Amino acid sequence: MERRYEKFLHENGGCRNLCDLTVGILGVGNIGQHVAKVCKSFDMRVLGLVKRDVPVCERSSCVDQYFFTGQIRDLVKECDYICNVLPSCPSTRNLLSGDVLSSCKPRAALINVGRSDVIDQECLLDALRKEWIDHAILDVFDTYTLPEDSVLWDNPKITITPHVAGILVPWTKVVKIFSENLSRYREGKQLKFRVDLTAEY
């Protein structure tokens, strides 16, 4: 067992402590802020990507530095992990496509739990082939469910997750949010978790 562990460490470049690593979260809304909170609990350095400036009073205390979408290369070059939770809209589609990931640190990994069109599939595979990133953890794809003959299944540098997180939200939490929003609506207050049809999310 000990030899197998040593072999694993040797093949994977050794163990890394989360407290020594930087995570870049693409999209620092409700979900992104929760990801930031979890990462900060492990004492990680947390960077956040936003579309527009966030007033100081609205910034998360768990995000060490904010970047705008136009600064995506500056963000990825700092990151050991890039976690995408962005929605799909004109300003986010293909944000990581082309050679954007060529700016990444060695051994960087991409985690995509947002929308698949943040990066074109061929660009993702190219980034892995050229070792711009070391690994990709994918929860979202252009086609659901992922076809059995997809090249993603057999790529050793790709981990595929089952896209079932939404199913695990307790119905009591959904009812609580609905009840609170109903009260806000009756009182003429702004609702929580509103969808901006202009921004498309």
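All of the points below concern the structure found in this document.

**A short note on a nonpolar patch on the surface**
Part 1 of the argument: Together, Phe178, Leu182, Tyr185 and Leu191 line one region of the surface with nonpolar side chains, adding up to about 430 Å² of accessible area.
Part 2 of the argument: Looking at the secondary structure, you find Leu191 in the segment after helix H5 (171-186).

**Focus: the state of the cysteines**
Part 1 of the argument: Counting across every chain of the model gives 0 disulfides.
Part 2 of the argument: We note that Cys57 lacks a disulfide partner, and the nearest cysteine sulfur, in Cys62, lies 16 Å from it.
Part 3 of the argument: You can call Cys57 exposed: its relative accessible area is 72%.

**Some points on the layout of surface pockets**
Part 1 of the argument: What the largest pocket holds in volume is close to 2000 Å³.
Part 2 of the argument: Residue lining of the largest pocket: 46 residues in total, with Val28, Gly29, Asn30, Ile31 and Gly32 positioned closest to the centre.
Part 3 of the argument: Of all the secondary structure elements, the ones that give two or more residues to the lining of the largest pocket are helix H2 (30-41), strand E2 (45-50) and H5.
Part 4 of the argument: Per-element accounting of the lining of the largest pocket gives the leading share, 6 residues, to H2.
Part 5 of the argument: Residues that form the lining of the largest pocket fall into these classes: 23 nonpolar, 13 polar and 10 charged.

**With respect to the environment of Val85**
Part 1 of the argument: In this fold, Val85 is placed in the loop between strand E4 (81-84) and strand E5 (109-112).
Part 2 of the argument: According to the relative accessible area criterion, Val85 is buried, its value standing at 15%.
Part 3 of the argument: Here the alpha-carbon distance between Val85 and Val28, two residues 57 residues apart in the chain, equals 8.0 Å.
Part 4 of the argument: Other than its neighbours up to four places away in sequence, Val85 contacts Ile25, Leu26, Gly27, Ile31, Gly32, Val113 and Gly114.

**A few points about the pairing of E2**
Part 1 of the argument: Burial within E2 is extensive, with 5 of its 6 residues counted as buried.
Part 2 of the argument: Considered for its hand, the β-α-β crossover made up of strand E1 (residues 22-26), H2 and E2 is right-handed.
Part 3 of the argument: Pairing between E2 and strand E3 (residues 65-68): 4 bridges, direction parallel. Of the residues in E3, the one forming a bridge with Leu49 is Phe67.

**Here's the deal with the side chain of Asp80**
Part 1 of the argument: Along the polypeptide, Asp80 turns up in the loop between helix H3 (72-76) and E4.
Part 2 of the argument: Judged by relative accessible area, which is 5%, Asp80 ranks as buried.
Part 3 of the argument: Here Thr22 takes part through its backbone nitrogen, which lies 2.8 Å from a polar atom of the side chain of Asp80.
Part 4 of the argument: Asp80 has contacts with Arg16, Asp20, Leu21, Thr22, Lys105, Arg107, Ala108 and Ala109, leaving out every residue within four places of it along the chain.

**Topic: the sheet that holds E5**
Part 1 of the argument: Spatial strand order, E3-E2-E1-E4-E5-E6-E7: 7 strands in an open sheet with parallel pairing. Here the strands that pair on one side only, and so sit at the sheet edges, are E3 and strand E7 (158-160). For this sheet the average axis-to-axis angle between neighbouring strands, irrespective of direction, equals 20°.
Part 2 of the argument: Packing of helix H4 (residues 121-129) onto the sheet brings it into contact with E5, strand E6 (135-138) and E7, and relative to E6 it is tilted by some 145°.

**Let's talk about H2**
The α-helix advances 3.6 residues per turn, and as a result positions three or four apart in sequence lie on the same side.
Part 1 of the argument: Here H2 contains 12 residues, and its C-alpha end-to-end distance of 17 Å stays within 8% of the 16 Å for a straight helix at 1.5 Å per residue.
Part 2 of the argument: For H2, every residue scored as buried is listed here: Gly32, Ala36 and Cys39. Angularly, the buried residues of H2 cover 65° about the axis, an arc narrow enough to put them on a single face. Opposite its buried face, H2 presents the exposed residues Asn30, Ile31, His34, Lys37 and Ser41, each directed more than 90 degrees away.
Part 3 of the argument: Buried residues along H2 sit against E1 and E2.

Calculation rules
- Residues numbered from 1 in each chain as written.
- Predicted model: local features only at pLDDT ≥ 70, side-chain atom pairs only at ≥ 80, totals over all residues.
- Heavy atoms only, no water.
- Patch = residues over 30% accessible without salt bridge, like charges linked within 9 Å, V, L, I, M, F, W, Y side chains within 5 Å.
- Areas by Shrake-Rupley, 256 points an atom, 1.4 Å probe, with all protein chains shown as cover.
- Salt bridge = Lys/Arg side-chain N within 4 Å of Asp/Glu carboxyl O.
- Helix = DSSP H or I, 4+ residues; strand = E, 2+ residues; numbered from the N terminus.
- Disulfide = S-S within 2.5 Å.
- Buried < 20%, exposed > 50% of the residue type's maximum accessible area, 1.4 Å probe, protein only.
- 1 Å grid on protein atoms, 1.4 Å probe; cavity = no way out; pocket = protein on both sides within 12 Å on 5 of 7 lines; lining within 4 Å.
- Points joined across faces, edges and corners; volume = space filled by probe spheres on them.
- Nonpolar A, V, L, I, M, F, W, Y, C, P; charged D, E, K, R; others polar.
- Contact = heavy atoms within 4.5 Å.
- Right-handed = clockwise from strand over helix to strand, strands pointing away.
- Pairing = 2+ DSSP bridges.
- Polar contact = N/O pair within 3.5 Å; in protein donor to acceptor, adjacent residues only side chain to side chain.
- Axes fitted to C-alpha atoms, helices over the stretch in contact; angles between N-to-C directions.
- Expected span 1.5 Å × (residues − 1).
- Arc of directions from axis to C-beta.

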